[in-house]
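Each chain is listed here by its residues.
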Amino acid sequence: QKEVEQNSGPLSVPEGAIASLNCTYSDRGSQSFFWYRQYSGKSPELIMFIYSNGDKEDGRFTAQLNKASQYVSLLIRDSQPSDSATYLCAAYTNAGKSTFGDGTTLTVKP
Amino acid sequence: DTGVSQDPRHKITKRGQNVTFRCDPISEHNRLYWYRQTLGQGPEFLTYFQNEAQLEKSRLLSDRFSAERPKGSFSTLEIQRTEQGDSAMYLCASSLGLGLITSGANVLTFGAGSRLTVL
């Protein structure tokens, strides 16, 4: 079992819809969680991070964390074609490193 | 600051040759990480440094891989006796590392990567 699991996708949504991306993690010592976006042929770039249970909103993006269920999610509202990318979930532990899932590929259709 | 720089961007080599990649992190960042990524997979942790100290190396990493960060600034990743299975994108990332998690001290800033092709 991988330490960080994501829905493999691909996920396809129409423009303007809500895209929901999910992630589970196995290490209960994980302290904070990150969502990175990776366009094809590019490096990952941070969307947002979360460390407390509940929701955290940043513009069209909302991250949700449930430590009891070891579950993290990312909602993208009003999805745009420019949101089409692979979304990587990562968990940071007190060992000092971030462990990544394999990503979910999102396609937003105009 | 120009971000995280990696060199070379592309490297094609023959099986059995040695290759070395260089990473220059963001100057204020204490931590430097090496990851490997293949198509359809997420970044796989290889090793990381805090300043010049190598704090962790993946137990899955072959002894053919070695990394250094001699003065706590740039880092090199060397792969000896390359194999076709080493073909991948090698990503370097840096972070502040020190500070509260609430401050985003552990956010990774990635370089553009070094793509290795072993023939």
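Shown above is the structure to which this text applies.
Our subject in this report is the structure included herewith. (Residues numbered from 1 in each chain as written. Chains lettered and ligands numbered in written order. Predicted model: local features only at pLDDT ≥ 70, side-chain atom pairs only at ≥ 80, totals over all residues. Heavy atoms only, no water.)

Summing up its helical and strand segments, chain B has 0 helices and 11 strands in all. When the helices and strands of chain B are placed in sequence order, the string is β-β-β-β-β-β-β-β-β-β-β. Rg of the C-alpha trace for chain B: 14 Å, near the compact-globule value of 14 Å for 119 residues, within the 12% margin. By its C-alpha atoms, chain B is 45 × 25 × 25 Å across when sized along the principal axes. Expressed as a percentage of its 119 residues, the buried residues of chain B come to 48%. Excluding contacts between residues fewer than 6 apart, the proportion of contacts in chain B whose partners are at least 24 apart in sequence is 55%. (Helix = DSSP H or I, 4+ residues; strand = E, 2+ residues; numbered from the N terminus. Rg over C-alpha atoms; globule rule 2.2 N^0.38 Å. Buried < 20%, exposed > 50% of the residue type's maximum accessible area, 1.4 Å probe, protein only. Contact = heavy atoms within 4.5 Å.)

All names here are of chain B. Here 4 strands make up an open sheet; going across it, the order is β1-β3-β8-β7 and the pairing antiparallel. Edge strands, defined here as strands with exactly one partner in the open sheet, are β1 (5-7) and β7 (65-68). Strand after strand, the sheet turns through a mean of 15° between neighbouring axes, direction not considered. By the bridge criterion, 4 bridges tie β7 to strand β8 (residues 75-79) in an arrangement that is antiparallel. (Pairing = 2+ DSSP bridges. Axes fitted to C-alpha atoms, helices over the stretch in contact; angles between N-to-C directions.)

Glancing now at the state of the cysteines. Residue and element names in this part refer to chain A. With the rule as written, the count across this model stands at 2 disulfides over all chains. The disulfide partner of C23 is C89, and the S-S distance across this bridge is 2.1 Å. With the S-S bond torsion at -70°, the cross-link from C23 to C89 turns out left-handed. One end of the pair, C23, is in strand β3 (residues 19-25); the other, C89, is in strand β9 (residues 85-93), with 66 residues separating them in the sequence. (Disulfide = S-S within 2.5 Å.)

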